[in-house]
Every structure is written in structure tokens, then in C-alpha cells.
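Chain by chain, the residues run as shown.
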Amino acid sequence: MENTLFVAAVLGVLEGLTEFIPVSSTGHLLLAAHFLGFTSPGNTFAVLIQLGAVLAILSVYAGRLIAIATAAPHDPRARRFIVAVLVAFLPAVVIGVLAHDIIKNVLFETPTLIAVMLILGGVVLLWVDRMADSPRYHDALDFPLSLALRIGLFQCLAMIPGVSRSGATIVGGLVSGADKRSAAEFSFFLSMPTMAGAFAYDLFKNRHLLSTDDLAVTGVGFVAAFVSAVFVVRRLLDFVSRRGYAPFGWWRIAVGVIALAAIWAGVGAGTGS
């Protein structure tokens, strides 16, 4: 039991550290669980500890969320931003509901696919980070609805584990004219309804798999995810403003290559074929 709690803490920290950066928290979490031999029926552990990351960003952004909500009745800019986030959220709702079972029962169980997507996503991040820097949008609150919809469509690519929800939305923003900081910030705001919705839907679909015997393990992972996610959210915008996204691209490639080598060598709970 003690070893299981330790692994749960490690996975929780990993979830929190990677959820809001473009490296794929799901990919890291599933690969780590694979190599550590950690199993959870229906991947309920991964689903439940995401709530810790959701609450982390809600706590950090509580002031801005309240300000936007209170301004909405009399401020067209605030109302347009709320609509933009909802427009960006809708494609994931449709695709997520239609493809939920395939995503959870097939794609989530394929470590090789996850590793490959980490590498490909890293290459894309490196390419986007080196694009000519002439953005048209510098504030997430000013994104037009057409840009929000494009970002929402990009987010659907993250249904494939290893792609990264934050990575897909950030790339969608960057290639559509947003600067690095505003693309990351819009990704933060979009993560709130997306992650909360995914959590609620997954919880409903897997409610029959939940057990009170797993409360301690899930609780440890939840707290670890919350604490580490708060740390990341408070520092990420300044980091990408200074350093861009290349460090995350190289990280993805390194993790993906190491994971593929380990899978092909037969390390971990399975071969990941």
C-alpha cells in the first residue's frame, strides 16, 4: 500500500507539472503508469486527479474570472471573450462524446502511439517556435470568434494521447496570429470548461468502476496534482514570454525517444504493441 501511495504521489506531481505545458500530461501519465506497473480500471485514476489541476487553475485565475463575469453585463469585450471560450470549447464536446470509447479503450492503451505523438508534437513545437514572429493578437481577451473556433478545432487533436491539449491549442493560436503569451493564456481559460467537462463525463461513464478502496490513492494523487499545477500556472506565462516553446519541444522528443527505446526493449508492464 505504501508503495502504491508513493506511485500515486509521483503520478499526481507529474499530472500537475505537465497539464498546462505543451508536453501532454496524459501521455506522460500513461507512459509513467505503464513503466511503473500502475493500473486503474477505465483509467479512472488519471481522470479523477485531473480535478486537482482544474481546481489549481481556478484558484490562480479566480480574480480574473470574477472580474470578467462581473464586467460581462456592461462590457462587450468581456461578453465576446466568454462567447469565444465557449465557441472554442464546443468542438471538443462533440468529438469527445462521439469518440469517447475509442479514445479511452484503444488509444489510451497504446504506449507506442503515445511515444510517437510526443516526438511528432515536439517537432511541430520547434517549427512553430521558429516561425517569423509577427503576431496580430497580443491579448487573449481580444481573440475574434473565428480564431477561437480554429483553436477549438486544434484542441480536438488532443483526443489522441501524446498530442497535448495545451500544445494543440497553443499551436492553433500561434499559427493563427496570436503571440506566445496570449496563446498560452487563452489555452489556460479554455482548459477550465474542457477539463471540467471531460472530468464530469468520464466520471459519469466510469462510475461503476469507482471504489472506496481507491480513495486514499486517488486523494494522494489529487493533492499532488493540485500543488504542482499551481506552481506551473503561476510561472508559465513569464517563462514562455522569455524562452518560447522550444524547450518543451526538445523535452517531448527526448521523452518520446526514451519511451520508444524502453518499449522496444520490453521494459515495463508490457510491450506497448
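So, here's what we can say about the structure. (Residues numbered from 1 in each chain as written. Predicted model: local features only at pLDDT ≥ 70, side-chain atom pairs only at ≥ 80, totals over all residues. Heavy atoms only, no water.)

What follows concerns the packing of helix H4 (residues 62-71) against helix H9 (residues 180-205). Two elements in contact, H4 and H9, have axes separated by 13 Å at closest approach and are oriented at 80°. With respect to H9, the element H4 is oriented roughly perpendicular. On the side of H4, the interface is formed by Arg64, Leu65 and Ile68, while H9 contributes Glu185, Phe189 and Met192. (Axes fitted to C-alpha atoms, helices over the stretch in contact; angles between N-to-C directions. Helix = DSSP H or I, 4+ residues; strand = E, 2+ residues; numbered from the N terminus. Parallel < 35°, antiparallel > 145°, perpendicular 65-115°, else oblique. Contact = heavy atoms within 4.5 Å.)

As a further point, take the packing of helix H2 (residues 25-36) against helix H6 (residues 111-129). Axis separation between H2 and H6 bottoms out at 10 Å; the angle between their running directions is 140°. One finds that H2 runs oblique with respect to H6. When you trace H2 past H6, the crossing you get is left-handed. On the side of H2, the interface is formed by Gly27, His28, Leu30, Leu31 and His34, while H6 contributes Pro111, Ile114 and Leu118. (Left-handed = near helix turned anticlockwise from the far one by under 90°.)

Moving on, we get to the nonpolar core. Counting residues in each nonpolar core, the largest one holds 47 residues, and the members touching the most others are Phe20, Tyr61, Phe81, Phe186, Phe188, Tyr245 and Phe248. Within the residue set of this core, elements represented by two or more residues are helix H3 (44-60), H4, helix H5 (76-105), H6, helix H7 (145-155), helix H8 (165-174), H9 and helix H10 (215-243). Looking at which element gives the most residues to this core, the answer is H9, with eight residues. Membership of the second largest hydrophobic core comes to eleven residues, among which are Ala8, Ala32, Phe45 and Val217. (Core = buried A, V, L, I, M, F, W, Y, C linked by side-chain atoms within 4.5 Å. Buried < 20%, exposed > 50% of the residue type's maximum accessible area, 1.4 Å probe, protein only.)

This brings us to the environment of Ala148. Relative to the helices and strands, Ala148 resides in helix H7. In sequence terms Ala148 and Phe186 are 38 residues apart; their C-alpha atoms lie 8.9 Å from each other. Contacts of Ala148, omitting those with residues within four sequence positions, involve Ala84, Ala88 and Phe186.

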